[in-house]
Amino acid sequence: MTDLPRRVEIHEEGPREGFQIEPGPIPTADKIRLIEALAETGLRHIQACSFVNTRLVPGWADAEAVVQGFRAKPGVHYTGLFFNGNGLDRALAFKDKLTINGSISLTASAGFTRKNLNRSPAENLDAMKKHSALQQSKGIAVTRIGVMAAFGCNYQGDISPAEVVSTLRDGMAIAEQTDAPISLFSLADTMGWATPARIERVINEVRNHWPDMTVALHLHDTRGLAVANAHAALKLGVTEFDSTVGGLGGCPFAGQPKAAGNICTEELVLLCAEMGIETGVDLDALIEVGRMAEQIVGHQLPSELIHAGSLDAFRRQAA
């Protein structure tokens, strides 16, 4: 049984996720150029930067300069990632330019919690309770619970649907304690363990417990299954996906420095188009931006489309 959506919402994370992992410094002007080009493709959600510890993520030491520098396109929501009060304050300095969304960020894997955050799960729950309260005290509604390593973990192995549900229950408990109006669960395949079967099992189990909650996916293409996983999710009616142009990015703490990054935005757009699902994105324009991204980072990116072109481009030639 399938429940294909009529339209999906794509959250482009190429600038933030991509430039945080590149070994060489990317010029601020190039980051701005990519952000502005993405906004011209029809994308309506762009994660522009990361307000994180610049010692741990030096690729985003220029976050303020990037946000100050890009020209915001009307109708496009630009966001910046933050994990603590300092990052939130840095983001709030640009509240007139950025859409600032509150969230509770958890991990289904205790091993990855320690590796990524240097905290025990209990310590992280306490930190997220304080962070949720802090966000709300500054006027930021906390509407999202994110779960990293929701499908498996390089440090812990398989993650069961029950463990994902348990993690979400912890998040909902924090939300209740801090009066956070949660409306979305974001499940992240941080280290590329998802398969179509895992996608189905986890989403179905989550919906068994929270049937009215919106579920979004953050997919990585570590083992080449991101598009297959998106296809499985689309058949379940999932309408919101994170992706990165050209397949930029990857988690710097996932233990696989040579692995592919996120699902490629252009491949997700192509999949949706061929299934009759609207995205509002000009695929040929997006492919050109992917080629720009490849030129900026100076090495080949995982996307096949930026090398092969779209099907419509060849259909026009054959007409």
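None of the values given here were measured: they were computed from a predicted structure. (Residues numbered from 1 in each chain as written. Predicted model: local features only at pLDDT ≥ 70, side-chain atom pairs only at ≥ 80, totals over all residues. Heavy atoms only, no water.)

Asks: Explain the packing of aromatic side chains to me, using residue names and the numbers behind them.
Replies: In total, this model carries four aromatic pairs according to the counting rule given. Plain terms: the ring middles of Phe112 and Tyr155 are 6.2 Å apart, the flat faces sit at 15° to each other, and that makes the pair stacked. Residue Phe112 is located in helix α5 (residues 110-117), and its partner Tyr155 is located in the loop between β5 (142-148) and α7 (161-177); the two are separated by 43 residues in the primary sequence. Under the relative-accessibility criterion, Phe112 is labelled buried at 0%. (Phe/Tyr/Trp six-rings, centres within 6.5 Å; stacked < 30°, edge-to-face > 60°. Helix = DSSP H or I, 4+ residues; strand = E, 2+ residues; numbered from the N terminus. Buried < 20%, exposed > 50% of the residue type's maximum accessible area, 1.4 Å probe, protein only.)

Asks: Give a description of the pattern of salt bridges that names residues and reports values.
Replies: For the coordinates displayed, the defined rule picks out 16 salt bridges. Of the charged contacts, one joins Arg90 and Glu64 as a salt bridge, the two residues approaching to 2.7 Å between their closest N and O atoms. Here Glu64 lies in helix α3 (residues 63-69) and Arg90 lies in helix α4 (residues 85-92), a separation of 26 residues in the sequence. Given a relative accessible area of 15%, Arg90 falls into the buried group. The salt bridge partner of Lys130 is Asp126, with a shortest N-O separation of 3.2 Å. (Salt bridge = Lys/Arg side-chain N within 4 Å of Asp/Glu carboxyl O.)

Asks: Please set out the packing of helix α2 (residues 28-39) against helix α11 (residues 283-297) residue by residue, giving values where relevant.
Replies: Viewed as axis vectors pointing N to C, α2 and α11 meet at an angle of 170°, and their least axial separation amounts to 10 Å. Comparing the axis directions of α2 and α11 gives the class roughly antiparallel. Of α11, the residues touching α2 (which contributes Asp30, Arg33, Leu34, Ala37 and Leu38) are Leu286, Val289, Met292, Ala293, Gln295 and Ile296. Among the residues forming the contact of α2 with α11, the class breakdown is eight nonpolar, one polar and two charged. (Axes fitted to C-alpha atoms, helices over the stretch in contact; angles between N-to-C directions. Parallel < 35°, antiparallel > 145°, perpendicular 65-115°, else oblique. Contact = heavy atoms within 4.5 Å. Nonpolar A, V, L, I, M, F, W, Y, C, P; charged D, E, K, R; others polar.)

Asks: Just give me the short version of the environment of Trp210, but keep the residues and values in it.
Replies: Considering the arrangement of structural elements, one finds Trp210 in the loop between α8 (196-209) and β7 (214-218). Sequence spacing of Trp210 and Phe185 is 25 residues, and the spatial spacing of their C-alpha atoms is 9.8 Å. In contact with Trp210, other than residues within four places in its own chain, are Val165, Leu168, Arg169, Met172 and Phe185.

Asks: I'd love a proper account of unusual backbone geometry, names of residues and values included.
Replies: The general pattern is negative phi for most residues beyond glycine and trans for most peptide bonds. At Ala149, a position not held by glycine, the phi torsion is positive, near 55°. For Ala149, a relative accessible area of 0% puts it in the buried group.

Asks: Account for the pairing of strand β3 (residues 77-81), naming residues and giving values.
Replies: Taken across its five residues, β3 has four buried, putting it largely inside the fold. The pairing of strand β2 (residues 45-50) with β3 spans five bridges and is parallel. Along β3, the bridge assignment pairs Ile46 with Tyr78. Considered for its hand, the β-α-β crossover made up of β2, α3 and β3 is right-handed. (Pairing = 2+ DSSP bridges. Right-handed = clockwise from strand over helix to strand, strands pointing away.)

By themselves, these are just geometric observations and shouldn't be taken as functional.
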